[in-house]
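Here is how the chains run, residue by residue.
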Amino acid sequence: MTTVIRTTALNKIYEGSLRSQDVHALKDLNLEIREGEIFGYLGPNGSGKTTTIKMLLGLLFPTSGKIEILGSEAIESAKIKRNIGYLPEGAYYPDFLRGEEILSYYGRLYGLRGAELNKRVDETLELVGMQHARKRFLRGYSKGMRQRIGLAQALISDPKILILDEPTTGLDPIARKDIRDLLVELRKRGITLLISSHELLEVELISDRVAILFEGVMQTLGTMDELLTQRELSMTVEHMTDEIAASLEEKGIVVEDRTGIRALLRLPQKLSTYDAIELCQARKLNLLSISPRRETLEELFVRIVGSASESREVAQ
Amino acid sequence: MLDFIKKNQTALMILVLILSLTAGTVLNHKIRHLRESEAFYRWILAAAVNERLFQDDDDQSEDALLFERCTALAENYAPFDNSPREAGLSLLGSIAQNYEDDKRIWSFAESSLAKEERIAFLTLAKGQKLQFATDIEYAEAQAGGVNVFNLFFGFRKVAANLVWLEVDRYWHQGNVYRMQTLMRTCVALDPQFIEAYLVGAWHLSYNATAQLPDTPWPQREWNARHEQCLGEKERFYYHGIDFLREGIRRNPRNYKLYFDLGFGIYKQKLEDYPNAVKYLAEAIRLPHDRWVPRQLFICQELNGQYGDALEGWKDYVDRYPGSMTAVEVAPRFIMRNEGLLFETEARLLLKNAKSTANPGEAEQMRSQAAALWEKARDTWNALDDPYGEGRKLMMDALELREEGRYLEAIATLDKARWDTGALFTEFSALIMEIKQEAAIPLSVSEKKALLRESEVGLCSGMPEEERQRRMKSAETIESSFH
Amino acid sequence: MNYLSSAFGGPWCVAVYTYREGIRRKLLIGFLILSLLVIFGSSFITSFVDPTAETDIDLKLIKDICVTAIAIFGALITVYISASVIPAEVETKVIYTVLSKPVSRVQYLLGKFLGIQLIIIVNLLLMGGLFFMALYIRQGIMPTLLLWSIFLTYFEFLIISAFTFAVSCAATSPLVPTLQGLFIYITANLTEYLKDVEHRAGQTGQFLDEAIGKIATALYSILPNLQNFSIKMQIVNGQPNDPPTDVMIPWLVLYSLVYAVAGFACAYLVFRRKEV
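Keep in mind that this is a model prediction, so the values were computed, not measured. (Residues numbered from 1 in each chain as written. Chains lettered and ligands numbered in written order. Predicted model: local features only at pLDDT ≥ 70, side-chain atom pairs only at ≥ 80, totals over all residues.)

S.K.: Got a minute to help me understand the overall build of chain A in this structure?
M.R.: Of regular secondary structure, chain A possesses 11 helices and 13 strands. Across the 316 residues of chain A, 35% fall into the buried class. Pairs at least 24 apart in sequence give 69% of the contacts found in chain A among residues at least 6 apart. (Helix = DSSP H or I, 4+ residues; strand = E, 2+ residues; numbered from the N terminus. Buried ≥ 20, exposed ≤ 12 C-beta atoms within 10 Å, placed from the backbone. Contact = placed C-beta atoms within 7 Å.)

See below:
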């Protein structure tokens, strides 16, 4: 698999003015995004996601380090930019234009003209499911429709790479699902997607690989399977008492959500299903359910970000 | 090539910036030169018009001195070689007389030959020492200091308009004196405000004086500049004249100002026909409306320049055939002037015949005069209007006078002058002439009129010399009364 | 040809878009309506003038008021639109979507600048057209001199626009560059004063004063002087003793173009490494 975006030791320092300090927004970022994957680029607000994306697009300039896109370092050249579609976060699209007018404006910026342009506008509108609203002015669009038009403008040139900054922020669940489905569809077409988000569930559902960024430092990078390796069992039992709970916790079992006699137990990885059943039998617990459980991306995220901020505090 | 541009975009842009700023500096210089030249050019036109129309011989003002320098320089300006020179005018002044040569004046003002004069002009203008340059925006901006006018940027003209509205308000309040100062402010703000000069002068010489009584002679005051005794009314006329002159200096190429000065004030108000002719002649030298020449010809007639008037009328008919004036008015005036010419010539011949020693020659002159006399009479017959009737009666009276029938002649003239109002003054004068000749005593009012017309009025503030001169001439006239 | 269309097709698209977007600004429409009201209303101000005096004063009044109205409101429109186009695009983030397309920064700037000029020209034409009509109705003859005046006014605005545009490239909100633009307009009209500074500084003979004088002279030579365009007020009234205007107008047009290029180059140098 070829690498389409590669950053090497990328640094970005925002120079402060007289009173404020410099902000080191991105520290030695090494990133590789492979062809045809959906890459989730995660991190809390202000961690440097948008900074990275803007540098990839030539909107910001790196303080040091190298960016390569499609094997070329001339990322500002028209040849490279032609292959990138970009949906910024919360961009405004002018109200006085119709859906299709917006698209043909952006299409022209890509150098498309005439019949070719019309064809692309049609195709893209079809793709994002906006054919029905193409003649309507943007001022009559809902938020979800605007986001689709935003996606469409990013797709108008049939790019190889699509960079989306918080594509689902502020949308309702149905619209989110629509967008999500659309992104999966795009991957099927061979487009490489870079999605920055802090909406972890969205990313977890579709991403091939994710990177987690915190305070400008990449904390972890890998496929979902690589990252979410921690598995455990969880059981629901009845007839729980304080005494039993104490003895269970000695064995490393976490007792959660006790409501009266019912409780949810989380077993460490070293215990197998049989061990668990045995445990219940020994303590006369009524076993209601038992299921394996994988760590969620959210938990991973909280864990990584939490430990990173702890270590920062220690360092300080 | 393209790659080179792309790689060195920034350096190229810096180069473009430097180049364009350099070009801007050069152009700044060029345009500054043009604007300075414009100011100088306007001043030359103003000074030339001043030389031609208004200047005294011994004018020692800075304007006159600088203009002398310029005229001297113009003699050496090659493109001016072989240009005709008008009598009593400098070469530059002669060229400036013709508006079609303005481009030549411009090229002179702009030439490198006139560089030093231009600088001298700007220096004087900066020091606000030039009278005719105070209006030039450029010079004023150069004068510096926080000048209220400059705060208007280019909007001084609007300010002038607003001031004019105020002038109008004062006029309606009848505050003529305050109006005058404001009018000056107005034209200082916008020296090209032609209508302000016109309406202002009209207010001054017509409307402001309409209510004023005539000032008796002893209460009049001597005006050194115009060398006249001015009463309240006359002072307003001269304010009007001064205002229009100022306008003419600043806008020497607008005929309306000349016309209003010549017709409106000199002819209508002061009955000063030589001056009226002078300014009206200037007016028709410039591009003008059709109704302008007519007034010139009438003034020429009134001034006794019958030949000029005749030529003018004929020329007018040729130029605008079929126009209302050419068809209905011109023929009558042509005949009138022809008749007048015959009359004048005949009278001149008769007069010469009297003084000549040779009897044969005298006889010949008389017969010539008689023929012209008849021609004149034919013309008046053909004219067939009150004017013609009046002239005929006058000819009768003159014939009676020749025969020594003075009383009958006077009676005829008296009838004629009441019948034809236009000739009243002329005939009254003739009556007095006959009375003097026949040793008939003059009436009191006639005596007074004679004295006044002979410039014997005395007023306060007169220089002693002038007073003596006038008193003496009054004595001479009085001694001739019977 | 192909190269040309690819190099200038983008800027032209941006220009058309900028025009369509800019012409809808509320403040701009407000200025335009105000100026049209003044131009329209100038026909009524003549009722203040003594109606018995049968002169052309009312005509002159209309001309002067209208030219001034066009100059003032036009300048406001010019400054506002030149100052706000780029910062507004940064604010609404539309700039991200455009600059991430294969449009280089210089092309983008060129497009924006052209769009601004389109807006200014259309506004001037609207104002000038109404003025033209007002005069034509009253006078009955085509006021062609007026067209020259409007023509020159545009080239004056071109200079203001270029430099305000350059300033706006450094800003993130439209307010500051608008104020700076007004400042540019006023100072460029007062360039003539530098001559005075030079004159006064030279009088004391002290080193510092002389240095200031030198700086003033240099600035006086380099900076654009909008007073040069004051003949636009003059030609409307078209006096026969005006110096040949055809000498001045081509130079002024060239002058304006040169400074527009300078302003644009400044804009580029500011914007080239701007982080948006």
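S.K.: Looking at this structure, how should I read the overall build of chain B?
M.R.: Along the backbone of chain B there are 22 helices and two strands. A compact globule built from 482 residues should have a C-alpha radius of gyration of about 23 Å, whereas chain B, at 30 Å, is more than 25% larger. Viewed in the frame of its principal axes, chain B has a C-alpha envelope of about 115 × 50 × 40 Å. A buried classification covers 39% of the 482 residues belonging to chain B. Summarising the internal contacts of chain B: among those between residues at least 6 apart in sequence, 54% fall at separations of at least 24. (Rg over C-alpha atoms; globule rule 2.2 N^0.38 Å.)

S.K.: Could you clarify how one ought to interpret the arrangement of the chains in this entry?
M.R.: Where the two pairs of chains in contact are concerned, the greatest contact count is recorded for chains B and C. Here chain A and chain B are not in contact; the least distance found between their C-alpha atoms is 10 Å.

S.K.: Help me out: how do you make sense of helix α3 (residues 62–74) of chain B in this one?
M.R.: Since the α-helix turns once every 3.6 residues, residues separated by three or four places project in the same direction. Residue and element names in this part refer to chain B. Along its 13 residues, α3 runs 18 Å from first to last C-alpha, staying within 8% of the 18 Å computed at 1.5 Å per residue. The set of residues buried in α3 consists of Asp-63, Leu-66, Phe-67, Cys-70 and Ala-74. The buried residues of α3 occupy an angular sector of 100° when projected down its axis, which confines them to one face. (Expected span 1.5 Å × (residues − 1). Arc of directions from axis to C-beta.)

S.K.: Explanation requested: the interface of chain A and chain C in the structure shown.
M.R.: For interface size, the figure often reported is the accessible area lost on association. Each partner contributes to the interface: chain A provides 22 residues, whereas chain C provides 21 residues. Broken down by secondary-structure element, the contributors of at least two residues to the side of chain A that touches chain C are α2 (78–81), β5 (84–87) and α3 (99–109) of chain A. For the side of chain A that touches chain C, the element with the highest residue contribution is α3(A), accounting for four residues.

S.K.: Where do I start with the interface of chain B and chain C in this structure?
M.R.: The partner chain C presents 50 residues to the 46 residues of chain B that form the contact. Broken down by element, the residue count for the side of chain B that touches chain C peaks at 20 residues, all from helix α2 (residues 9–54) of chain B. Within the side of chain B that touches chain C, the residues separate by chemical class into 24 nonpolar, 13 polar and nine charged. (Nonpolar A, V, L, I, M, F, W, Y, C, P; charged D, E, K, R; others polar.)

S.K.: Can you help me understand the sheet that holds strand β7 (residues 192–197) of chain A in this one?
M.R.: Strand pairs in the sheet, formed through backbone hydrogen bonds, run parallel or antiparallel to each other. Residues and elements named next belong to chain A. With mixed pairing, six strands are arranged side by side in an open sheet as β5-β6-β7-β3-β8-β9. One side of each edge strand has no neighbouring strand; the edge strands of this open sheet are β5 and β9 (217–223). Between one strand axis and the next, the sheet turns through 15° on average, direction left out of account. Across five bridges, the pairing between strand β6 (residues 161–165) and β7 is parallel. Looking across to β7, one finds that Leu-164 is bridged to Ile-195. Of the strands in this sheet, β3 (38–42), β6 and β7 are in contact with helix α6 (residues 173–188), which crosses β7 at around 150°. Lying on the sheet, helix α11 (residues 297–315) is in contact with β3, β8 (209–214) and β9; it crosses β8 at an angle near 30°. (Pairing = 2+ DSSP bridges. Axes fitted to C-alpha atoms, helices over the stretch in contact; angles between N-to-C directions.)

S.K.: What exactly am I supposed to notice about the sheet that holds strand β1 (residues 3–14) of chain A here?
M.R.: Residues and elements named next belong to chain A. Here we have three strands laid out as an open sheet, ordered β2-β1-β4, and antiparallel in their pairing. Two strands in the sheet have a free side with no partner beyond their single neighbour: β2 (23–34) and β4 (64–69). The sheet shows a mean angle of 15° between the axes of neighbouring strands, direction not considered. For β1 and β4, the ladder comprises five bridges, and the chain directions are antiparallel.

S.K.: What am I meant to see in the nonpolar core here?
M.R.: Note on soluble globular proteins: their nonpolar side chains tend to be buried together. One finds Leu193(A), Ile44(B), Cys186(B) and Leu280(B) to be the most contacted residues of the largest nonpolar core, which totals 232 residues. The dominant element in this core, judged by the number of residues it contributes, is helix α3 (residues 57–91) of chain C, at 19 residues. Apart from residues lying up to four places away in sequence, Cys186(B) is in contact with Ala160(B), Val163(B), Trp164(B), Val167(B), Phe193(B) and Ala196(B). With 22 residues, the next largest nonpolar core counts Met365(B), Met394(B), Met395(B) and Leu430(B) among its residues. (Core = buried A, V, L, I, M, F, W, Y, C linked by C-beta atoms within 7 Å.)

S.K.: Hey, could you run me through α3(A) in this one?
M.R.: The buried count for α3(A) comes to nine of 11 residues, which makes it a mostly enclosed element. Residues Gly99(A), Glu100(A), Ile102(A), Leu103(A), Tyr105(A), Tyr106(A), Gly107(A), Arg108(A) and Leu109(A) constitute the buried set of α3(A).

S.K.: I would appreciate a short explanation of the pairing of β5(A) in the present structure.
M.R.: All names here are of chain A. In β5, alternate side chains face the same way, and those of Ile-84 and Tyr-86 on one face and Gly-85 and Leu-87 on the other are all buried. Pairing geometry for β5 and β6, over four bridges, is parallel. Bridging across to β6, Tyr-86 finds its partner in Ile-163.

S.K.: For this particular structure, what's the right way to read the confidence of the model for chain B?
M.R.: Residue and element names in this part refer to chain B. For chain B, the average pLDDT comes to 83, and 94% of its residues sit at 70 or higher. Within chain B, no element has a lower average pLDDT than helix α7 (residues 137–143), which sits at 48, and none a higher one than helix α12 (residues 255–267), at 90. pLDDT under 50 marks residues 139–151. Its contacts with residues more than four places away, or in other chains, come to 22 contacts. Confidence estimates for the predicted assembly give a pTM of 0.84 and an ipTM of 0.87. (pLDDT = per-residue confidence, 0-100.)

S.K.: Would you explain the packing of helix α8 (residues 192–204) of chain C against helix α9 (residues 207–222) of chain C in this entry?
M.R.: A packed helix pair is summarised by two numbers, namely the angle formed by the two axes and the spacing between the axes. Residue and element names in this part refer to chain C. The interhelical angle for the contact between α8 and α9, taken along N-to-C directions, is 160°, at an axis separation of 8 Å. Comparing the axis directions of α8 and α9 gives the class roughly antiparallel. Here α8 runs over α9; the crossing is left-handed. Residues Leu-194, Lys-195, Val-197, Glu-198, Ala-201, Gly-202 and Thr-204 of α8 lie in contact with α9, whose contacting residues are Asp-209, Glu-210, Ile-212, Gly-213, Ala-216, Thr-217, Leu-219 and Tyr-220. Split into classes, the residues belonging to the contact of α8 with α9 amount to seven nonpolar, four polar and four charged. (Parallel < 35°, antiparallel > 145°, perpendicular 65-115°, else oblique. Left-handed = near helix turned anticlockwise from the far one by under 90°.)

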